[in-house]
Amino acid sequence: MTSELPISIENLTVGYGSEVILNDISLELRNDDFLAIIGPNGGGKTTLFRSILGLIEPMNGTIRIYGEPPATGVKHIGYVPQQSMFDLRYPINVESVIMMGLRIHKGLRPFYSKEEKEMAEVAMEYTDTTDLRSKRISALSGGQLQRILIARALVSKPKILLLDEPTSSLDPAMRDCTYDVLKKVNSDGIAIMLITHDMGSISHDVKRLACMNRRLVCNDRPELTDDMISLGFHCPPGLLKVSDNAKCSCGCHDNNQGDVQ
Amino acid sequence: MTSILDYLSMHLIQNMFLATIFACTLCGVIGTYVVVNKMVSITGGIAHTTFGGVGFSYYVMSVLLVGWFTPMIGALLFSIVSAIILTYCRTFLDLRQDTLIGVIWAIGMALGVIFLSSMDHSVMTPASYESILFGNVLFVGNQTLTIMIILTITVLAIVALLFEDLQILTFDEIHAKISNIKVNLLTLILYVIIAVSCVVVANVVGIIMILALMTIPTAIANLYTASLKEMMILGTIFSILFAVLGLFLALAFNSPPGATVVLIIGLVFVVSLSVKHTYGKIMNKRCKKPS
């Protein structure tokens with residue numbers, strides 16, 4: 001049943017003013033799904049997330065989160081934004097950042113309950129960040145900060161996790177560490193959708209792959225298709241060898257495209 | 001020669017210290033939001049519109065003979081209206097915020113000059129431009145002090161109630177939106193409490209130097225704290241400590257109180273920054289030494 005899908009998007013068109021950013025997008029996120037959406041910068045990936053989160057009103061089409069519109073369905077979603085959005089000089093420690101994820105449950109009450117503090121403890125243990133709780137965010141490495149943001153997204157026990165460029169500023173070791181956490185999250189039944197412009201950073205654990213560049217092409221397997229290459233990278237498919245460390249003669253390249261295989 | 005204790009037994013001096021302590025408490029708390037949310041220019045814009053309010057008050061009192069419309073009430077009216085305009089334009093209009101701040105800043109000052117020059121000088125004599133712009137904490141009367149105390153307690157109560165939401169808003173606005181926080185309303189509340197704080201602080205250091213007292217003590221606190229609450233507490237302590245020190249020096253050297261306070265706080269900031277920078281360099285060198 002469509003209404004039971006974590007996310008169901010039908011004929012979505014979104015734009016800013018007269019400029020259309022997403023053109024007639026249809027997409028489903030299934031239960032236990034692990035979907036990666038790749039595509040160039042400016043292709044509309046973040047706009048798609050903002051539409052799902054109810055931050056942008058679509059021009060046309062519908063978004064349903066477990067059958068509900070984004071305004072109410074957003075409670076099922078844990079969202080991990082790009083790290084570059086944050087001012088790391090902000091005086092805040094790890095525990096306070098994670099507690100923010102409980103605001104939707106806390107409501108207008110000016111303090112967190114004992115139960116909510118226990119939920120934060122569970123999220124910190126789950127992401128192995130308990131030892132960092134009193135550290136200021138400026139003292140964290142990129143990988144540690146990513147785990148903190150994942151903990152914040154998970155603390156309210158969402159059924160869906162959305163991640164915006166989760167590995168863009170991480171070295172390979174930290175990237176693998178982040179994906180280990182996501183693998184555990186997905187195996188615990190949480191549907192994951194992540195977006196990235198860097199094909200080389202996609203996890204082996206991704207179950208499906210989609211490519212977005214204003215339009216969307218989706219594959220039910222974690223493999224690049226000719227349509228995706230043509231849409232996302234404007235290359236004739238023959239020029240981009242997916243199976244090896246290929247470099248496209250038209251200028252776009254990726255060193256680890258084999259990862260998505 | 002009059003001793004410090006003799007000074008402290010004077011009613012005006014007691015009022016001066018009480019007004020400074022309450023204003024500095026607001027500076028520590030609200031200044032924290034100003035610094036972490038990079039709202040220094042916005043605060044400057046709002047602060048300078050209070051000059052228009054003070055001028056308007058003198059005009060209303062002298063021409064329309066409305067005695068209760070004191071300069072502090074006029075300043076409150078103008079600063080709150082400017083906060084509402086700024087919030088509205090930020091939320092609903094596609095305008096560059098810095099341009100808007102410049103416009104509001106200039107219009108507020110111009111209105112102040114026009115109202116002060118149009119008032120009926122035969123009915124009352126206004127405070128000098130100098131004392132409005134640079135403050136004269138020695139002339140804080142009982143009524144003004146009472147209003148300052150009420151405003152301070154009200155603003156602190158609002159911050160205590162909305163602390164978590166304000167922290168989320170100023171740290172991650174997107175997260176605030178998806179957490180069902182009424183972001184536009186909360187932004188308006190933040191701007192209005194900044195406006196009210198500007199009016200309270202203006203009584204101590206004057207309009208021109210509000211920014212110094214609102215930003216420097218909390219900026220120093222930001223160098224040494226790991227959370228918003230710690231920054232507020234340390235910012236308040238620094239603010240009161242340096243302001244009281246400045247007042248004592250002003251009494252001792254017969255210098256203008258507001259300017260002396262600001263100068264002391266500015267000097268402490270420069271020293272703190274140098275100490276922090278030097279300490280950081282030393283620690284880096286130690287870490288790089290091979291064991």
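Definitions and cut-offs
Residues numbered from 1 in each chain as written. Chains lettered and ligands numbered in written order. Predicted model: local features only at pLDDT ≥ 70, side-chain atom pairs only at ≥ 80, totals over all residues. Heavy atoms only, no water. Helix = DSSP H or I, 4+ residues; strand = E, 2+ residues; numbered from the N terminus. Buried < 20%, exposed > 50% of the residue type's maximum accessible area, 1.4 Å probe, protein only. Contact = heavy atoms within 4.5 Å. Areas by Shrake-Rupley, 256 points an atom, 1.4 Å probe, with all protein chains shown as cover. Pairing = 2+ DSSP bridges. Axes fitted to C-alpha atoms, helices over the stretch in contact; angles between N-to-C directions. Salt bridge = Lys/Arg side-chain N within 4 Å of Asp/Glu carboxyl O. Polar contact = N/O pair within 3.5 Å; in protein donor to acceptor, adjacent residues only side chain to side chain. Right-handed = clockwise from strand over helix to strand, strands pointing away. Parallel < 35°, antiparallel > 145°, perpendicular 65-115°, else oblique. Left-handed = near helix turned anticlockwise from the far one by under 90°. Core = buried A, V, L, I, M, F, W, Y, C linked by side-chain atoms within 4.5 Å. Phe/Tyr/Trp six-rings, centres within 6.5 Å; stacked < 30°, edge-to-face > 60°.

1. Some words on the overall build of chain A
- Within chain A one finds eight helices and nine strands.
- Burial statistics for chain A: of 261 residues in total, 53% are counted as buried.
- Sequence-distant contacts, at least 24 apart, represent 64% of the contacts inside chain A between residues at least 6 apart.
- Working note: accessible area of chain A is about 11,200 Å², and carbon and sulfur atoms make up 47% of it.

2. Here we look at the sheet that holds strand β9 (residues 215-219) of chain A
Residue and element names in this part refer to chain A.
- Reading across the sheet, the six strands line up as β5-β6-β7-β3-β8-β9 and stay open at both edges, with mixed pairing between neighbours. Whereas interior strands pair on both sides, the edge strands pair on one side only; in this sheet they are β5 (77-80) and β9. Shown here is a sheet whose adjacent strand axes are inclined to one another by a mean of 15°, direction ignored.
- Relative to strand β6 (residues 160-164), β5 runs parallel, the two being bridged by four bridges. Counterpart to Gly 78 in the pairing with β6 is Leu 161.
- Relative to the sheet, helix α6 (residues 142-154) contacts β5 and β6, its axis offset from that of β5 by approximately 160°.

3. Considering the interface of chain A and chain B
- On the side of chain B, 24 residues touch chain A, which itself brings 27 residues to the contact.
- Taken together, the connections running from chain A to chain B amount to three salt bridges.
- Measuring nitrogen to oxygen at the nearest pair gives 3.2 Å for the salt bridge that ties B:Lys38 to A:Asp87.
- If you look at where chain A meets chain B, you find twelve residue pairs in polar contact (both at pLDDT 80 or more).
- Elements supplying a minimum of two residues to the side of chain A that touches chain B: α3 (94-100) and α4 (103-106) of chain A.

4. Section: the pattern of salt bridges
- This structure, assessed with the given rule, holds 14 salt bridges over all chains.
- A salt bridge links A:Arg214 to A:Glu19, with the shortest nitrogen-to-oxygen separation between them at 3.5 Å. Of this pair, A:Arg214 sits in the loop between β8 (208-213) and β9 while A:Glu19 sits in strand β2 (residues 19-29), placing them 195 residues apart in sequence.
- Accessibility expressed as a relative area gives 43% for A:Glu19, which makes it partly exposed.
- The residue B:Asp98 makes a salt bridge to B:Arg96 at a minimum N-O spacing of 3.6 Å.
- Residue classification places B:Asp98 among the partly exposed positions, given a relative accessible area of 49%.
- Here the salt bridges share partners, and the residues they tie into one network are A:Arg30, A:Asp33, A:Arg208 and A:Asp220.

5. What about the pairing of β6(A)?
Residue and element names in this part refer to chain A.
- Across the five residues that make up β6, a large majority, five, are buried.
- Burial of β6 is two-sided: the residues Ile 160, Leu 162 and Asp 164 facing one way and the residues Leu 161 and Leu 163 facing the other way are all buried.
- For β6 and strand β7 (residues 191-196), the ladder comprises five bridges, and the chain directions are parallel. Bridge pairing in β7 places Leu 162 opposite Met 193.
- For the crossover that starts at β6, traverses helix α7 (residues 172-187) and ends in the parallel β7, the hand is right-handed.

6. As for the packing of helix α9 (residues 183-205) of chain B against helix α10 (residues 210-222) of chain B
Residue and element names in this part refer to chain B.
- Across the interface, α9 lies against α10 with an axial gap of 8 Å and an inter-helix angle of 110°. For the element pair α9 / α10, the angle class is roughly perpendicular. Crossing handedness for the pair α9 and α10: right-handed. Contacts between α9 and α10 involve Ile 194, Ser 197, Cys 198, Val 201, Ala 202 and Val 205 from the first element and Ile 210, Leu 213 and Met 214 from the second.

7. Description of unusual backbone geometry
- Positive phi values are uncommon outside glycine, yet A:Arg214 reaches one of about 75°.
- Although it is not a glycine, B:Leu65 sits at a positive phi angle of roughly 55°.
- Tracing the backbone shows B:Leu65 in the loop between α3 (40-63) and α4 (71-92).
- Take B:Leu65: its relative accessible area is 60%, and that puts it in the exposed class.

8. A few points about the nonpolar core
- In terms of nonpolar packing, the biggest core is built from 135 residues, with A:Ile98, A:Leu161, A:Leu182, B:Ile30, B:Ile194 and B:Met214 touching the most fellow members.
- A per-element tally of this core places α9(B) first, with 15 residues.
- Filtering out sequence-adjacent residues up to four positions away, B:Ile30 remains in contact with B:Val155, B:Val159, B:Ile193, B:Ile194, B:Ser197 and B:Met214.
- By size, the runner-up hydrophobic cluster in this structure holds 31 residues, among which are A:Ile25, A:Leu29, A:Ile37 and A:Ile52.

9. A short note on the packing of aromatic side chains
Residue and element names in this part refer to chain B.
- Counting across every chain of the model gives eleven aromatic pairs over all chains.
- A centroid spacing of 5.0 Å and a plane angle of 55° characterise the contact between Phe 56 and Phe 115, whose relative ring orientation is tilted. Highlighted residues: Phe 56 in helix α3 and Phe 115 in helix α5 (residues 97-118), separated in sequence by 59 residues.
- For the ring pair Phe 238 and Phe 242, a centre distance of 5.5 Å and an interplane angle of 20° mean the geometry is stacked. A residue pair is termed a helical-turn pair when its members lie 3 or 4 positions apart in one helix, as Phe 238 and Phe 242 do in helix α11 (residues 228-253) at four residues. Per residue, the accessibility class of Phe 238 equals that of Phe 242, and both read buried.
- An aromatic cluster is built from Phe 56, Tyr 59, Trp 68, Phe 69, Phe 78 and Phe 115, whose rings are joined through pairwise contacts.

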